[in-house]
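Per-entry structural report
Residues per chain, in single letters:
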Amino acid sequence: MAIVRRTTRREFLAAGASVVPAAALLSACSRPRDAGENAPEAGPLVTRTLGRTGLRLPIVSIGSAYEAGIVSAALDAGLTYVHTSGSYADQNHERMLNRVFRGRPRDSFLVGSSPDFPEYRVEGGGPSEDLGTRSDASTIAPFCEGSLRRLGLAHLDVYFLASINDPATVLHEPYMKA
């Protein structure tokens, strides 16, 4: 008698959730770059307003892809938001994005970045803990300036102060001033 293990609802949803973004990206990457009049008509990009900022961000974006061709194809396919960080690939991710962004109108894409506080590391790769107020806020502006240099951009559209779980961290005055 064989014992059959049934997939749980959670396992099924997790497996499906990992397939959908991959299929969408592969579909976008497989489309010809210059199809001219024969290009399939794309639907409108769905966006949401980011809090009270007035900034409209797409609900689909691309993050830490380490291949310029993937990011370029995503932008060509209509994605408009790219997230990066100086902590990705020892700052080489930002340099790669610089090459992707060159020649593109700056108003055709949005860029968000987050800091790499050297004194903040989560041991063991577990769930991230709250950044707290122990990081040196004076490193935020130089971090942004370094990112802008590596990206070859004049401004970031979004700056994320990541790993925030406690409202006191969000309202920490040195972070707000930075």
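So, a few notes on the structure that sits alongside this text. Predicted model, so just to flag it, every value in this text is computed and none were measured. (Residues numbered from 1 in each chain as written. Predicted model: local features only at pLDDT ≥ 70, side-chain atom pairs only at ≥ 80, totals over all residues. Heavy atoms only, no water.)

**Quick notes on the side chain of Asn98**
Secondary-structure assignment places Asn98 in helix α3 (residues 92–101). Asn98 gets classed as buried once you look at its relative accessible area, which sits at 14%. In this view, Asn98 contacts Arg149, Arg150, Leu151 and Gly152; residues no more than four positions away in its chain are not counted. (Helix = DSSP H or I, 4+ residues; strand = E, 2+ residues; numbered from the N terminus. Buried < 20%, exposed > 50% of the residue type's maximum accessible area, 1.4 Å probe, protein only. Contact = heavy atoms within 4.5 Å.)

**Some words on the environment of Arg104**
With respect to the helices, strands and loops of the structure, Arg104 is situated in the loop between α3 and β4 (110–114). Considered as a pair, Arg104 and Leu75 are 29 residues apart in the sequence and their alpha carbons are 9.6 Å apart. In this structure, Arg104 is in contact with Ser72, Leu75, Asp76 and Phe109, ignoring residues within four places of it in sequence.

**Comments concerning the nonpolar core**
Counting residues in each nonpolar core, the largest one holds 23 residues, and the members touching the most others are Val71 and Phe101. Only α2 (68–76), α3 and α4 (140–151) provide two or more residues apiece to this core. Sorting elements by how many residues they give to this core places α4 first, with five residues. Each residue touching Phe101, except ones within four places of it in the same chain, is listed here: Leu75, Val82, Phe109, Val111, Leu151 and Leu153. (Core = buried A, V, L, I, M, F, W, Y, C linked by side-chain atoms within 4.5 Å.)

**A short note on the packing of aromatic side chains**
All told, the structure shown has one aromatic pair when counted by the stated rule. Between the aromatic rings of Phe101 and Phe109, the centroid separation amounts to 4.3 Å while the plane-to-plane angle is 10 degrees, which identifies the pairing as stacked. Overall, the relative accessible area of 4% leaves Phe101 in the buried class. (Phe/Tyr/Trp six-rings, centres within 6.5 Å; stacked < 30°, edge-to-face > 60°.)

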